[in-house]
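# Structure assessment
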Amino acid sequence: MDTRHIRISDYNYDLPDSRIAKFPVTPRDHSKLLLYQHGAVSEDVFYHLPDYLPEGALMVFNNTRVIQARIHFRKETGALIEVFLMEPVFPADYEQMFQSTGSCSWLCMVGNLKKWKEGALMRDFLVKGHELTLKATLRRGDELTAEQRSKTQHSGGTNYWVDFEWDNAHVSFAEILEAVGELPIPPYLNRPTEESDRTTYQTVYSKIKGSVAAPTAGLHFTDAVLSDIDRKGIMRDEVTLHVGAGTFKPVKSATIEGHEMHSEYIVVHRHTFEHLLAHDCSAIAVGTTSVRTLESLYYVGAYLSKHPEASEEELHVNQWDPYNEGRDGGLVDGVTPREAMENILNYLDRNGLEALHSSTQLIIAPGYEYKMVKMLVTNFHQPESTLLLLVSAFVHGDWRCIYDYALSHDFRFLSYGDSSLLIP
């Protein structure tokens, strides 16, 4: 069966609201751990995870950090407008964006948009003891250049260009978000953000600001578990994929052919490619975002085999690239994972780069052949979601066995829920 014709209704299951974890367990490494090993299912507690990992393996984590991406403005009429930061556009680089002073621009989702007919939104607050006014201006379609319109359309057409200005050149945008932003916990938790979420909705190894949702498989790890992994001689490495709100985007089409994946930005440093090559291009992935990053690297490297002089923009991985293999004009033509990683290292050398900056829309669904990931640590995902399709592809269609066990053995689901280690 063609992957594009998969019916999303075949990936449904009954998830009562009572099984959705509203808060994490304490301490975080005391969550339950489902073990799927070569078709057999059992359970343990998460802090025993290192016992099940092979010595000398490579384990890859996503080190992205969730930003306080929701900003609320109240108009003089009393209307509340929510501006949800989605993607930086000026400056486009995440690091530069958070260091910017005076002004910046983002693509944003806007709540209560119909009340924001014209004019700027203003909000006064204190930063470092100084009064500051933040101004947000919505740029309508006819106010954008052709290139700017293209950016908003590339985001799926649901995001709007918003310019921010503030009247203190000594205050960075990162400091503004710390002062007025709200952490965007998942909508299915059906509760407001609480102060505790600032800590519990970040991984202990998060470093690089940019996500609007946490890579939740990593929420179970503690310094103690990481130390146990190190003691076992397992190499830990990190990639960065900034998780977008599109991770919660439901599949509304009957078949996945009609679902457009969101773009997410990835950064992978030279040492990661060297470590992958030293480990036969095999990795244990922590979370679906690490999976999508690692598997996307293969397609970047495969593209470089035919297009060694490609620009970074041309290295974007399209949604259906993996499913074009072997067809006329197909992407891969027998490139091995080792050759793909060597191609990227050579590309970095030629261009004097220490890291690959790229983006991916990769969809992983049954019919996909995994190239890099051999074991997966992940939470339990929503019914009829692209993340459930990814898991099904990884366990060769055996997802119902896993989810039936979790539902019948009191496992907690979704972002703050329990974890699993999947070994096909």
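Quick summary incoming for the structure in this document. Keep in mind that this is a model prediction, so the values were computed, not measured.

## Side note on the packing of helix 7 (residues 288–306) against helix 8 (residues 337–350)
Any two packed helices are characterised by the angle at which their axes cross and by the distance between the axes. Two elements in contact, helix 7 and helix 8, have axes whose closest approach is 8 Å; the angle formed by their N-to-C orientations is 70 degrees. The angle between helix 7 and helix 8 falls in the class roughly perpendicular. Contact residues: L297, Y298, V300, G301, A302, L304 and S305 in helix 7; P337, A340, M341, N343, I344 and Y347 in helix 8.

## Description of the state of the cysteines
Here is the idea: a disulfide is a covalent bond, and it sits between the sulfur atoms of two cysteines. Applying the stated criterion across every chain, the model contains 0 disulfides. Take C104: it sits in no disulfide, and the sulfur closest to it among the cysteines is that of C108, at 8.8 Å.

## A word on the side chain of S206
Along the chain, S206 turns up in the loop between helix 4 (197–200) and strand 11 (208–211). For S206, a relative accessible area of 12% gives the class buried. There is a polar contact of 2.5 Å between the side chain of S206 and the side chain of R65.

## A word on the pairing of strand 15 (residues 355–360)
Counting buried residues along strand 15, 5 of its 6 residues qualify, which places the element largely inside the surrounding structure. Note: strand 13 (residues 264–269) against strand 15, 6 bridges, orientation antiparallel. Bridge pairing in strand 15 links H269 to A355.

## A word on the sheet that holds strand 10 (residues 160–166)
Pairing between sheet strands relies on hydrogen bonds along the backbone, with the strands arranged either parallel or antiparallel. Read across the open sheet, the 6 strands follow the order 5-6-7-10-9-8; overall the sheet is antiparallel. In this open sheet, the two edge strands, each paired with only one partner strand, are strand 5 (70–74) and strand 8 (121–127). Ignoring strand direction, the axes of neighbouring strands in this sheet form an average angle of 40 degrees. Strand direction decides the pairing type here: strand 7 (residues 103–111) and strand 10, joined by 6 bridges, are antiparallel. The residue bridging S105 from the neighbouring strand is D163, located in strand 10. Packing against the sheet, helix 3 (residues 173–180) makes contact with strand 5, strand 6 (80–90), strand 7, strand 8, strand 9 (130–139) and strand 10, and its axis sits at approximately 90 degrees to strand 8.

## Some points on the packing of helix 6 (residues 270–278) against helix 8
Contact pair helix 6 / helix 8: the axes reach a minimum separation of 10 Å and the direction vectors enclose 150 degrees. Between helix 6 and helix 8, the angle is such that the two are roughly antiparallel. With respect to the hand of their crossing, helix 6 and helix 8 are arranged in left-handed fashion. Counting all contacts with helix 6, which are made through R270, F273, E274, L276 and L277, the residues of helix 8 involved are R338, M341, E342, I344, L345, L348 and D349. Its residues placed into classes, the contact of helix 6 with helix 8 shows 7 nonpolar, no polar and 5 charged.

## Thoughts on the packing of aromatic side chains
As enumerated under the stated definition, the model contains 25 aromatic pairs in all. Here Y13 and Y403 contribute two aromatic rings whose centre-to-centre distance is 5.2 Å and whose plane-to-plane angle is 65 degrees, an arrangement assigned as edge-to-face. A residue pair is termed long-range when its members are at least 10 positions apart, and Y13 in the segment before strand 1 (32–37) and Y403 in helix 10 (residues 399–408) qualify at 390 residues. Taken as a pair, Y13 and Y403 share a single burial class, namely buried. Judged by centre distance (5.6 Å) and plane angle (65 degrees), the rings of W320 and Y323 are edge-to-face.

Cut-offs applied
- Residues numbered from 1 in each chain as written.
- Predicted model: local features only at pLDDT ≥ 70, side-chain atom pairs only at ≥ 80, totals over all residues.
- Heavy atoms only, no water.
- Axes fitted to C-alpha atoms, helices over the stretch in contact; angles between N-to-C directions.
- Helix = DSSP H or I, 4+ residues; strand = E, 2+ residues; numbered from the N terminus.
- Parallel < 35°, antiparallel > 145°, perpendicular 65-115°, else oblique.
- Contact = heavy atoms within 4.5 Å.
- Disulfide = S-S within 2.5 Å.
- Buried < 20%, exposed > 50% of the residue type's maximum accessible area, 1.4 Å probe, protein only.
- Polar contact = N/O pair within 3.5 Å; in protein donor to acceptor, adjacent residues only side chain to side chain.
- Pairing = 2+ DSSP bridges.
- Left-handed = near helix turned anticlockwise from the far one by under 90°.
- Nonpolar A, V, L, I, M, F, W, Y, C, P; charged D, E, K, R; others polar.
- Phe/Tyr/Trp six-rings, centres within 6.5 Å; stacked < 30°, edge-to-face > 60°.

Take it as geometry only, folks, not as evidence of what the structure does.
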